[in-house]
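The primary structure of each chain is shown beneath.
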Amino acid sequence: MAIENKPGVEFDTVFSRNDSLELSSHHDYENVQARIFKIIVIGDSNVGKTCLTYRFCGGTFLKNPEATIGVDFRERTLELDGECIKLQIWDTAGQERFRKSMVEHYYRSVHAVIFVYDVTSLPSFESIPEWIEECSRHSVGPLVPRIMVGNKCDLRDRREVPASTAQCLADSYNFPLFETSAKDPAEKEHVDAIFLTIAYRLKSHKPLRLKQLSESSSRHLWNQREQEAAACQC
Ligand SMILES: Nc1nc2c(ncn2[C@@H]2O[C@H](COP(=O)(O)OP(=O)(O)OP(=O)(O)O)[C@@H](O)[C@H]2O)c(=O)[nH]1
Ligand SMILES: [Mg+2]
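Just so it is clear, the structure is predicted and the values come from calculations on it, not from any experiment.

1. Some thoughts on the packing of helix H1 (residues 49-58) against helix H7 (residues 188-202)
Link 1 in the chain: Between H1 and H7, the shortest axis-to-axis distance is 9 Å and the interhelical angle comes to 90 degrees. Accordingly, the angle class assigned to the pair H1 and H7 is roughly perpendicular. Across the interface between the two elements, Leu52, Thr53, Arg55 and Phe56 from H1 touch Lys188, Val191, Asp192 and Phe195 from H7.
Link 2 in the chain: Of the residues assigned to the contact of H1 with H7, the class counts are 4 nonpolar, 1 polar and 3 charged.

2. Some remarks on the environment of Thr77
Link 1 in the chain: By the secondary structure assignment, Thr77 is in strand S4 (residues 71-80).
Link 2 in the chain: Using a relative accessible area of 3% as the deciding quantity, one classes Thr77 as buried.
Link 3 in the chain: Between the C-alpha atom of Thr77 and that of Leu177, which follows or precedes it by 100 residues, the distance is 24 Å.

3. What about the coordination of the magnesium ion (ligand 2)?
Link 1 in the chain: At 2.0 Å from the magnesium ion (ligand 2) lie its protein donor atoms, namely Thr50 (OG1) and Thr68 (OG1). Of this pair, Thr50 sits in helix H1 while Thr68 sits in the loop between H1 and S4, placing them 18 residues apart in sequence.

4. Considering helix H5 (residues 128-137)
Link 1 in the chain: If you check which residues of H5 are buried, you get Ile128, Trp131, Ile132, Glu134 and Cys135. With its buried residues spanning 160 degrees around the axis, H5 presents them on a single face. Opposite its buried face, H5 presents the exposed residues Glu130, Glu133 and Arg137, each directed more than 90 degrees away.
Link 2 in the chain: Following H5 by one or two positions, Ser139 adopts a phi angle in the positive range, close to 60 degrees.

5. With respect to the confidence of the model for the protein
Link 1 in the chain: Averaged over every residue, the pLDDT of the protein is 81; the share at 70 or more is 74%.
Link 2 in the chain: With pLDDT under 50 throughout, residues 1-11 is counted as low confidence; its partners more than four residues away or in other chains account for 33 contacts.
Link 3 in the chain: Scored below 50 in pLDDT, residues 210-234 shows 29 contacts in the model against residues more than four places distant or in partner chains.
Link 4 in the chain: Confidence metrics for the complex model read pTM 0.81 and ipTM 0.99.

6. Describing the pairing of strand S5 (residues 83-92)
Link 1 in the chain: Of all 10 residues in S5, 9 are buried, a share of seventy percent or more.
Link 2 in the chain: Where strand S3 (residues 35-42) lies against S5, 7 bridges are found, and the strand directions are parallel. Along S5, the bridge assignment pairs Arg35 with Ile85.
Link 3 in the chain: Pairing of S4 with S5 involves 10 bridges; the strand directions are antiparallel. Residue Arg74 lies in a different strand from S5, and its bridge partner there is Ile89.
Link 4 in the chain: Following S4, the chain reverses through 2 residues before pairing antiparallel with S5; Asp81 in that reversal takes a positive phi of roughly 50 degrees.

7. Structural notes on the site of ligand 1
Link 1 in the chain: What surrounds ligand 1 is a group of 21 residues, the closest being Ser45, Lys49, Thr68, Gly94 and Asp154.
Link 2 in the chain: Interatomic distance of 3.0 Å between a backbone N/O atom of Gly48 and an oxygen atom of ligand 1.
Link 3 in the chain: Within the backbone of Ala182, a nitrogen or oxygen atom sits 2.9 Å from an oxygen atom of ligand 1.
Link 4 in the chain: Alone, ligand 1 offers 660 Å² of accessible surface; in the complex the protein occludes 87% of this.
Link 5 in the chain: Per-element accounting of the shell around ligand 1 gives the leading share, 3 residues, to H1.
Link 6 in the chain: Tallied by class, residues from the shell around ligand 1 come to 8 nonpolar, 8 polar and 5 charged.

Cut-off values and rules
Residues numbered from 1 in each chain as written. Chains lettered and ligands numbered in written order. Predicted model: local features only at pLDDT ≥ 70, side-chain atom pairs only at ≥ 80, totals over all residues. Heavy atoms only, no water. Axes fitted to C-alpha atoms, helices over the stretch in contact; angles between N-to-C directions. Helix = DSSP H or I, 4+ residues; strand = E, 2+ residues; numbered from the N terminus. Parallel < 35°, antiparallel > 145°, perpendicular 65-115°, else oblique. Contact = heavy atoms within 4.5 Å. Nonpolar A, V, L, I, M, F, W, Y, C, P; charged D, E, K, R; others polar. Buried < 20%, exposed > 50% of the residue type's maximum accessible area, 1.4 Å probe, protein only. Donors = N, O, S within 2.8 Å, 3.2 Å for Na, K, Ca; no water. Arc of directions from axis to C-beta. pLDDT = per-residue confidence, 0-100. Pairing = 2+ DSSP bridges. Near = heavy atom within 4 Å. Polar contact = N/O pair within 3.5 Å; in protein donor to acceptor, adjacent residues only side chain to side chain. Areas by Shrake-Rupley, 256 points an atom, 1.4 Å probe, with all protein chains shown as cover.

So, in structure tokens, the structure goes:
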């Protein structure tokens, strides 16, 4: 469950000048040096972090997701204005017992942070300041872009968090706010747009170079072992 990088799950995406979106599995990036950016997705359990990241990287709504243990990795390569950029997305566990040994790894060398709450769960929204604090405690610099996402907008009659309240909180931190649904197919392009907003902001930032990819991959393997060990109750 730890490393998800199956063929067919990662999509290459080309953005033309007018930003219209085109998914393609035929682009050959093998010989292209992609800049790699690490994005972590944080928030209470059950808010839809896994479904959102799966929607972005896999293109579909993931039915019956299990609670994330430690972290799941997904990635998607984008071509922005002719430049190849790889977003390496860390889908973190919301449940304390599944994240405690991993927290240091989540925040290390992160390039952007997405805080997710569920618009139908006031407690998940009220937790956002704690997640923001945790992020700051782990020395994530002020220049690292942060955004807030309210998920499950499709459940209109169950909404507990008014958009205006969420906007006030986002404004108080100076974060952009997006509301969306990982489930509603009509929101698919909006989910893409959220990650695209981050990608454009990161384009001018210092990248994690390819050289570091192998180091980072071995860390993932190590993390996987650590998760397995943590999950073992014996
Ligand atoms: N209606 C609706 N349900 C959603 C949406 N996104 C996720 N869900 C449901 O919410 C539940 C939790 O989704 P996950 O993506 O596993 O939540 P998570 O934040 O990854 O949870 P942890 O891994 O425990 O931290 C699942 O039953 C999903 O089907 C959405 O946009 N709309
Ligand atoms: Mg999850």
